[in-house]
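Residue-level listing of the chains:
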Amino acid sequence: VLLPAAEEEAAATAETAAPDRRTAAAEAVTMMGFLFAVVAGAAMSIQGVMNTRLEEHLGLWEANTYTQGTALLLSLVVMWLFGKGDLMKLGSVPKGYLFSGALGLVITVTVMLSIKGLSPTVAVSTILIAQLLVAALIDGFGWMGQEKISMNAKQFVGLALMLGGVVVFKWR
């Protein structure tokens, strides 16, 4: 049993500790976000080259079908094992978001074609710049339900430097 003064002190300590715990949790989520981004970037680069090599042996659309089909099968297994959502709610999703599946085809095919026409480094660098530019537009205008984030000259200078890096890398 705590004395009244000790109870007040314990309550005050709990109140000040709560924001620290929330801050630590937010930092952990942010760090996991960076880790997932690194894994995604590495996987995209490796997959792009592998798909391009598949395309050389199978053909463009055949390689894409194999890649997307494998992803579908693995996604179904993972969904059945770990899924907690409700696929039956697909009909209530805003119709424009359903186009995301078709974008998978566009992404896979255009990554293969860009790596084939450039090199993995130049293609992926250009892809990343395009991704950053479009992501900045999505954030800046608050498209697709994203919180609107104002962009300033610093972000645009960063994009210009990245573009300059690709030009320098490609320069012979």
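Residues numbered from 1 in each chain as written. Predicted model: local features only at pLDDT ≥ 70, side-chain atom pairs only at ≥ 80, totals over all residues. Heavy atoms only, no water.

J.: Where do I start with the nonpolar core in this structure?
T.: When a protein is soluble and globular, its nonpolar side chains tend to lie buried together. In this structure, M44, V111, I115, A123, V124 and I127 together form the largest nonpolar core, which totals 6 residues. Those elements that place two or more of their residues in this core are α3 (100–117) and α4 (120–141). Dropping the residues within four chain positions of it, V124 is found in contact with M44 and S45. (Core = buried A, V, L, I, M, F, W, Y, C linked by side-chain atoms within 4.5 Å. Buried < 20%, exposed > 50% of the residue type's maximum accessible area, 1.4 Å probe, protein only. Helix = DSSP H or I, 4+ residues; strand = E, 2+ residues; numbered from the N terminus. Contact = heavy atoms within 4.5 Å.)

J.: Please explain unusual backbone geometry as it appears in this structure.
T.: At M144, a residue that is not glycine, the phi angle is positive and equals roughly 55°. Its location among the elements puts M144 in the loop between α4 and α5 (153–170).

J.: Mind showing me how you'd approach the packing of aromatic side chains here?
T.: Centre distance and the angle of the planes are the two values used to describe a pair of aromatic rings. Taken as a whole and judged by the stated rule, the model has 1 aromatic pair. Note on F141 and W143: the rings are 5.1 Å apart at their centroids and 10° apart in plane angle, and the pair reads as stacked. A relative accessible area of 41% places W143 in the partly exposed class. (Phe/Tyr/Trp six-rings, centres within 6.5 Å; stacked < 30°, edge-to-face > 60°.)

J.: Help me understand helix α2 (residues 60–82), please; the structure alone is not making it clear to me.
T.: Turn by turn, an α-helix covers 3.6 residues, leaving residues three or four places apart pointing in a common direction. Taking 1.5 Å per residue, 23 residues should reach 33 Å; α2 reaches 32 Å between its end C-alpha atoms and fits that length. For α2, the full list of buried residues reads L60, A63, N64 and T67. (Expected span 1.5 Å × (residues − 1).)

J.: Is there a simple way to think about α5 in this case?
T.: Over its 18 residues, α5 extends 26 Å from the first C-alpha to the last, a length consistent with the 26 Å expected when each residue adds 1.5 Å. The backbone nitrogen of K154 lies 2.9 Å from a side-chain oxygen of the residue at the head of α5, namely N152. (Polar contact = N/O pair within 3.5 Å; in protein donor to acceptor, adjacent residues only side chain to side chain.)

J.: How should I be thinking about the environment of L98 in this particular structure?
T.: Mapped onto the secondary structure, L98 falls in the loop between α2 and α3. For L98, a relative accessible area of 40% corresponds to the partly exposed category. Sequence-distant contacts of L98, defined by excluding residues within four places in its chain, comprise L90 and V93.

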